[in-house]
Every structure is written in C-alpha cells, then in structure tokens.
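# Coordinates in review
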Amino acid sequence: MFHEIPLSRPVTPLLDQVPTPDKLRELPLNALPELARELREYLLWSTGQTGGHFGAGLGVIELTVALHYVYNTPHDRVVWDVGHQTYPHKILTGRKEQMLTMRQQDGLAAFPRREESPYDTFGVGHSSTSISAALGMARAAELTGSERKVVAVIGDGAMTAGMAFEALNDAAHQNTNMLVILNDNQMSISHAVGGLSNYFSHIWASKSYIALREGGKRVLQSMPTAMNFVRRTEEQMKTMVTDAPGALFESIGFNYVGPIDGHNLEELVETIANLSEAQGPQLLHVFTTKGKGFAPAEADPIGYHAISKIAPVAERKAADTPTPMSTPAAVAASVKPKKYSDVFGDWLCATAAADLRVVGITPAMCEGSGMVRFAGEYPERYHDVAIAEQHAVTFAAGLACEGFKPVVAIYSTFLQRGYDQLIHDVALQNLDVTFAIDRAGLVGEDGPTHAGAYDLAFLRCIPNMIIAAPSDEAECHALLTAAWQHPGPSAVRYPRGTGTGASLYSHAEQVEIGHARRIRDGHEVAIVNFGSRLEAVVQAADELKRMGLASPTIIDMRWVKPLDEDCLAALASSHSLIVSVEEHALMGGAGSAVSEWLHAEGYACGLLTLGIRDAYIEHAAPAQMHAACGLDRDGMVRSIAARLARTQLGH
C-alpha cells in the first residue's frame, strides 16, 4: 500500500523488461504480482508528474496485466469503455517512456486513440460505447473467418446508460463469441446485492411506488390475465436484481460468471483464459477498488478521480511562504476568479431558494457541474439520473409539462447524446427547460472527445430555442437568469475553468433577450464577440490600435439566438468590416448566423469569422489550443490585419 505519490522515478526492474505485451506473456504467472506492484508505483509517479485521471487506472492494474497476459494483443481486441482507466494499458503497450507527455501538446492523449497505437482498438472518451464497438469487431471476425478474440471492459457506472443494454441485447441475439468484463468498482453497482438492488429496493419501499402499485391493482381487478402478468413481471424483476447480480445478464442471454476479486491475478488469469475459449456471449463480473494501492485514493475515490500535477519541492515551499498583503488592492488581487461551474451552482441555489418550481437535473456530473451544494440544500429537487443523457432531457420535459422549471446541467459534449430528445421532446413542444451547458468550447488537456465545439450549430437550427453565450462570470449569472425566466427552451453555454474575475454585481441589470452590450466605440472595424474570448478581443483591439491598423468597435453580443439585429444593422451601416469571434466551430456557428443575417438583409460590408476551423483540435493547454485556432490576441491581430491588407489591395 502506498501512502504518498513518489516524487522521484521508482526503480522498476521487472516492468522495464516488458515494454510490450509479447514480453509480458513470456513471464511466469508467479511474477505477475510483482509486475503489478511496479506498474502501480510507476503509474503513481508518472501521473503525479503530469496530472490526469488517477483512481480508475489504479483500480484496473491487475485486470490490465491479466488481459494482456491472456490475449494475443493487438491481434486480439481489448476495447476499453470511457478510457480514463487506460494509463496502465498505455504503459504496458510501448508507451511507458512517453507517459510524462500525457495530456500535453503533441504528447499522449488522456484516452485511447487509434492513431496513437495499434493496441488502442477503439477511440473513446464518452461512456458506454465499448460493448457496441466490441460486438462490431467480434461480428467482423466471424464474417471473415478470423479466430480473433474480442473483449469489452466496461465500468459499473457505464452500465447505467441505455446504450450498454442495447448492445448486450443485440450481442445475445446474435449469439456472438465475445467477453464483456463488468468492472465493478463499487461506484455504481455495489457488492453482491449491489447499487441496482438498493435503488430498486428503495423504490419498492417508497410511498409513491406503493400508491402507484395499489392504484394499478384496482385498475387491473377486472383483467385477471393482465393482473397475473404484471405480478409475475414484478416478482421476476425483484429476483433478478436482489437474489443474484447475474440473473439480469442471464435473462438477457449472457453466460454470467462472478463476481470475482479483480485484484487476484491468479484467479483473473485463469478465469479470463477459460472464458476466452467459451462459445457465445460471456460476462465476467469483477470487483475492484478505485484507487487501489494508494491509501488516500481508496479513502476518497471521488476526490482522487483525477489529480493535478504535483509541483516540485522548491515550488511547493515557495507557494507555502506567506506573502504580505497590506493594501486593499493587494487583498483584491489575491481573490481567485470563480469557476463557471461554481457560478452556475450558486445561481441555481439562489434561484431555487426564490422559486419552488426549480428542479436540478444532471446525468452523473454533480461535482463537475457545480451541483454539490444544490444537492445538499435541495435534495428533493436534485436528480442525478446517472449516465443517461437522453433520459435526463425527456425527464426534464415531463417536469416542465407539470409546471416545474427544470434546469439540466450538462456538458456540451454530452448534450450531443440527447439531441433527438432535445428536438422532439422539449423544443417541438416548446417546453420550459433551461440547459446549463458547461465545458463549451475547447477544454484543454482532455482533447477533442470532450470539446464542446458544436453546440451552437446544433442548437440554433432548432425552432423555439434561445441561446446565450456569456463572456464572463457576471454575464453568466445574468444570462442564466434571463434564459430561465424565458417561458420556453433555452440554453446558456459557458467554458470550463475560471472566468476573468468579474464581480457578479459589476453590471447586474436585467438582461433582455436578444440585446447585446457595447464595450467600446470605434470605427471602420467592428468586432462582435460571442462568449468567452472577450478579454482576448479587447487585447487584440488594443494591439490593432497601437499598430495604427484600426480602432475597432467592440460588441459583446450575449445572444447567439436571437441575434441583436438592430445592433448588427447599425454596425453594418457604419463599418466596412465586421469580425465575429467565437470559441466554436466556424461551420454553423455564431459567425454563420451573422453571415446569414447580413446576406438576407442585403448588407455589403465585409465579414471575417474567427473560430475553430473544420478540424479536431488536439489536446494541449487551453492557451495553446486558443493559439492553434487563432483565438488568442496575436492570432486575432494576424487575421484582422491580413484581411485589412487584402481589402486595401482590392482583393
């Protein structure tokens, strides 16, 4: 058991002998526990150097060793779900020396990537995709007559998504030779009885269920056949989730084995080897401990889900040295900007305190979305629906039908998974649901799987929807209020991380829907900003003025839909060039909206749209990603200066 993260590179003589799985498979079985110990220590050290996902990888050390020991990877396919637990997999598959580049520009990705290694069989970042992908690979092997074996590794939390059960059902229907390993780290499905059992037991004992059940009985009294069917179904369901955890999977059509100890290498290797030769769909249920082998992570698996880079000793000593602050200005400078998720969380609590109709909903993103305080203060109005984005959206629609004003807190990249429900169940019926869209734009080290680069494009084409893009914390608070007060579907998109330090009361006026705010008057060039890049826009305008190229007007548009058409008309009539800026894909985004409007109204002024080009932006620090897209100060200056030069040349 480790109690501290190593600050110096550990000595790993056995791990050094197995740079790839073919060398791992040459080891005797009795050497694997020592290999696992060295792998765990190396993972602790390397992740401490770079930061990143932490607890999940520690929990699958033994499972990862066993899989590569049994299967002939990469010929055989191991498909990981979500992917944040694959750091040990990367170490064992030829990337040990690259681990110090993890999540850095041009370094290793935080998740499996097919382009990165042949051992990464499927690129992931979202949950609950592994069984579907593995089934496709297994079926492909059957169609080509290959003896290739396929295994999917899925966590218990990912089993809460409907997609996983859709894939299980189809795999059983096709009777495909494949193994699904359910990695139960007790974060969702718990011990032999389990979280599902506890959940259903709670439902079956609740007053609402009993009342519904008794009411249904009265309705069915006149229909004995239906009454018997309902009774048998209820009894079978209870048996499936309470008497044996495998009954659920057996009833679908899988051969269920387990649960077994996911940290016992001898048992893992023997069991997986046997199941790898079995015919038909197999499911192995293993118990693991998230953060295994590192005492603080075992005690706090949520807090140690991911960690930040550990500073060198000299830096930590300097940080611990108190800095004298005697002036009010110094004290003010020491106040850290708030995270946007915390701004949202505070707004939600304040709004809930003033209106009993507020209900908060999240698909398994309580901590990330800033809802911990709300969950504690308003537990009866807080709903974590697990990894079920489609259900979250339609659940909110149902609440709205009954006069509540639900707020769905969801990451931009995950809202993509509930798009049909957004259109059909919310917008088409013009229901009063507010979407608080976190992680909008580029998200830094997590890379393109988590980037919120497409929400404006897929939202603004939907009738009845209004969309706000705040430029700082104060705007975020104000626009959340305006969107929530709107009696229909609305969305507020804001970035990951901290804001600019704006006071929530710096401009606390009531914000009107579709009204922009003027930041600075200028001439010839007007920059219209949508969202989080306003600070860089101001810096770029200052630099353009210093260079004598332009003195731009700056508008914070606030709303992507509806646009402030009066503002745009005034700008188009008095400026030769409008520049739109957004941290979003250029195709279909806010700049496209401006272009469409200018064209429809017949304005002839020039338009330059700045945003994310038609490409996936690879993981890097946020500042590096902004620079790569030309969305930092220097990039904007270059683009605007180049456009002005072309205009002067008559191009």
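Residues numbered from 1 in each chain as written. Predicted model: local features only at pLDDT ≥ 70, side-chain atom pairs only at ≥ 80, totals over all residues. Heavy atoms only, no water.

The protein chain is annotated in an unreviewed UniProt entry as 1-deoxy-D-xylulose-5-phosphate synthase from Paraperlucidibaca baekdonensis. Listed in UniProt under the heading Function (unreviewed entry), the comment for the protein chain reads: "Catalyzes the acyloin condensation reaction between C atoms 2 and 3 of pyruvate and glyceraldehyde 3-phosphate to yield 1-deoxy-D-xylulose-5-phosphate (DXP)." Within the UniProt record for the protein chain, the comment given under Sequence similarities (unreviewed entry) is "Belongs to the transketolase family. DXPS subfamily." (UniProt positions renumbered as here; feature names shortened; annotations may be inferred.)

The next thing to look at is the packing of helix 5 (residues 61–70) against helix 13 (residues 265–276). For the pair helix 5 and helix 13, interaxial distance at closest approach is 9 Å and the crossing angle is 45 degrees. In terms of orientation, helix 5 lies oblique with respect to helix 13. Between helix 5 and helix 13 lies a crossing whose hand is right-handed. Touching Glu 62, Leu 63, Val 65, Ala 66, Leu 67, Tyr 69 and Val 70 of helix 5 are Leu 265, Leu 268, Val 269, Ile 272, Ala 273 and Ser 276, all from helix 13. A class-by-class count of the residues in the contact of helix 5 with helix 13 yields eleven nonpolar, one polar and one charged. (Axes fitted to C-alpha atoms, helices over the stretch in contact; angles between N-to-C directions. Helix = DSSP H or I, 4+ residues; strand = E, 2+ residues; numbered from the N terminus. Parallel < 35°, antiparallel > 145°, perpendicular 65-115°, else oblique. Left-handed = near helix turned anticlockwise from the far one by under 90°. Contact = heavy atoms within 4.5 Å. Nonpolar A, V, L, I, M, F, W, Y, C, P; charged D, E, K, R; others polar.)

In spatial order, the strands read 9-8-10-11-13-12-17; together these seven strands make up an open sheet with mixed pairing. Edge strands, defined here as strands with exactly one partner in the open sheet, are strand 9 (382–384) and strand 17 (559–561). Averaged over all pairs of adjacent strands, the angle between their axes in this sheet comes to 20 degrees, without regard to strand direction. Running at roughly 165 degrees to strand 10 (residues 405–411), helix 19 (residues 389–401) makes contact with strand 8 (358–362), strand 9, strand 10 and strand 11 (434–438) of the sheet. (Pairing = 2+ DSSP bridges.)

Right, let's get into the UniProt feature "binding site: Mg(2+)" (unreviewed entry) in the protein chain. As recorded in UniProt, the sites labelled "binding site: Mg(2+)" (unreviewed entry) are Asp 156 and Asn 185. Judged by maximum C-alpha separation, these annotated positions cover 30 residues in sequence but sit close together in space, the widest gap being only 6.9 Å. Considering the arrangement of structural elements, one finds Asp 156 in the loop between strand 3 (150–155) and helix 8 (162–174). The residue Asn 185 is located in the loop between strand 4 (178–184) and helix 9 (194–205) in this model. With near-sequence residues (within four places) excluded, Asn 185 lies in contact with Asp 156, Thr 288 and Lys 290.

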